[in-house]
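Examination of the molecular architecture
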Amino acid sequence: LYYNLNETNVDENGVFENFILSCSSAFFKNDIQCILKENYSSGFINGAILTQDNQQHEIKTNIKHIGQNTKSYQKIKSVLDKSSKAIFQGKIYVDSNAQKTDGYQLSKAIILDQDSEFDSKPELEIYADDVKCSHGSTSGSLDEDAIFYLMSRGLSRFKAKNLLIKGFLVDAIETITNDEIKKYYLNKLENKINEFS
């Protein structure tokens with residue numbers, strides 16, 4: 001059982017960067033509250049969720065654009081198997097004074113069995129006129145044609161699936177700007193995928 005609350009205020013020209021790799025606990029909830037208080041502040045929240053064996057993992061974000069010319073970017077990728085559940089609940093709030101806001105939010109999931117569940121709850125609350133905000137959410141299964149292609153090149157079905165899962169999740173890790181931290185998470189993800197399914 002794991003719960004984490006992260007609250008941050010970002011001042012002028014400041015940058016908040018948060019990455020979540022969620023793959024171990026039976027129950028995990030990460031709650032992120034980010035206030036872009038002043039002009040030209042930015043917030044970046046990215047994550048990869050890998051669940052199986054009845055695990056339940058949730059990421060909840062609330063980004064408030066208060067200053068002008070602020071920017072937020074969120075990308076959450078999830079892979080679910082064996083009766084597990086993942087939830088992404090993301091909110092972008094744009095204050096009436098927060099002109100020139102740029103907000104983006106995306107959640108994608110691959111569901112590997114019929115008993116797993118992915119819930120995505122994107123929300124935009126906008127009170128300014130001059131903004132650029134968007135959100136998107138998709139879920140589906142692994143591409144059987146891609147698995148077949150990789151198997152025709154000599155990979156086992158297990159290795160083909162794991163390669164596709166890794167490629168899907170690495171996209172979120174690539175957003176990390178610090179090379180050492182990025183390398184750490186790539187290694188950790190590789191180890192977890194090798195244990196997976």
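Since the structure is predicted, the reported quantities are computational estimates derived from the model, not experimental observations. (Residues numbered from 1 in each chain as written. Predicted model: local features only at pLDDT ≥ 70, side-chain atom pairs only at ≥ 80, totals over all residues. Heavy atoms only, no water.)

1. Thoughts on the sheet that holds strand β9 (residues 117-126)
Strand order in the open sheet formed by 5 strands is β1-β3-β5-β7-β9, with parallel pairing between adjacent strands. Edge positions in the open sheet fall to β1 (2-10) and β9, since each of these has one partner strand only. Within this sheet the neighbouring strands show an average axis-to-axis angle of 5°, counted without direction. Bridge analysis of strand β5 (residues 56-65) against strand β7 (residues 85-94) gives 10 bridges, and the strand direction is parallel. Residue pairing across strands places K60 opposite Q89, the latter belonging to β7. (Pairing = 2+ DSSP bridges. Helix = DSSP H or I, 4+ residues; strand = E, 2+ residues; numbered from the N terminus. Axes fitted to C-alpha atoms, helices over the stretch in contact; angles between N-to-C directions.)

2. A word on the pattern of salt bridges
Under the definition given, this model contains 11 salt bridges. As a salt-bridge pair, K75 and D171 come within 3.0 Å of each other at their nearest N and O atoms. A residue pair is termed long-range when its members are at least 10 positions apart, and K75 in strand β6 (residues 71-80) and D171 in helix α2 (residues 157-173) qualify at 96 residues. Between R157 and E144 there is a salt bridge, with the nearest N and O atoms lying 3.0 Å from each other. Residue R157 is found in helix α2, and its partner E144 is found in helix α1 (residues 144-152); the two are separated by 13 residues along the sequence. Here the salt bridges share partners, and the residues they tie into one network are K75, K77 and D171. (Salt bridge = Lys/Arg side-chain N within 4 Å of Asp/Glu carboxyl O.)

3. Quick look at the nonpolar core
Core analysis: the biggest nonpolar cluster contains 22 residues, and F19, L21, L50, V79, I165, L169 and L189 have the highest contact counts within it. For this core, the elements supplying multiple residues, two or more each, are β2 (15-22), β4 (42-51), α1, α2 and α3 (179-195). When residues of this core are assigned to their parent elements, the largest contribution, 7 residues, is made by α2. Look past the residues within four positions of L189 in its chain and what remains in contact with it is L21, L50, L169, V170 and I173. Counting 17 residues, the second largest nonpolar core, distinct from the first, contains I49, I59, A109 and F118. (Core = buried A, V, L, I, M, F, W, Y, C linked by side-chain atoms within 4.5 Å. Buried < 20%, exposed > 50% of the residue type's maximum accessible area, 1.4 Å probe, protein only. Contact = heavy atoms within 4.5 Å.)

4. Some details on the packing of α2 against α3
Direction vectors running N to C along α2 and α3 enclose 150°, while the axes themselves pass 10 Å from each other. It follows from the interaxial angle that α2 and α3 lie roughly antiparallel. Once α2 is placed against α3, the crossing between them reads as right-handed. Residues F158, N162, I165, K166, L169, V170 and I173 of α2 form the contact with α3, whose own contacting residues are K182, Y185, L186, L189, E190, I193 and N194. (Parallel < 35°, antiparallel > 145°, perpendicular 65-115°, else oblique. Left-handed = near helix turned anticlockwise from the far one by under 90°.)

5. Observations concerning unusual backbone geometry
Note: most peptide bonds trans; most residues except glycine with negative phi. Within the chain, N69 stands out as a residue other than glycine whose phi angle is a positive 55°. Structurally, N69 can be placed in the loop between β5 and β6. Backbone geometry at K100 places phi at a positive 65°, although glycine is not the residue there. You can see K100 is positioned in the loop between β7 and β8 (101-111). Relative accessible area serves as the criterion here: at 48%, K100 is assigned to the partly exposed category.

6. Things to note about the sheet that holds strand β10 (residues 131-140)
Spatially, β2-β4-β6-β8-β10 is the arrangement adopted by the 5 strands of the open sheet, whose pairing is parallel. Both edges of this open sheet fall to β2 and β10, since each of them pairs with a single strand only. Geometrically, the sheet is characterised by an average inter-axis angle of 0° between neighbouring strands, direction not taken into account. As paired strands, β6 and β8 are joined by 10 bridges and run parallel to one another. Looking across to β8, one finds that V79 is bridged to I110. Against the sheet, α2 contacts β2, β4, β6 and β8, and its axis sits at roughly 160° relative to β6. Its contacts with the sheet put α3 on β2 and β4, and the angle it makes with β2 is roughly 20°.

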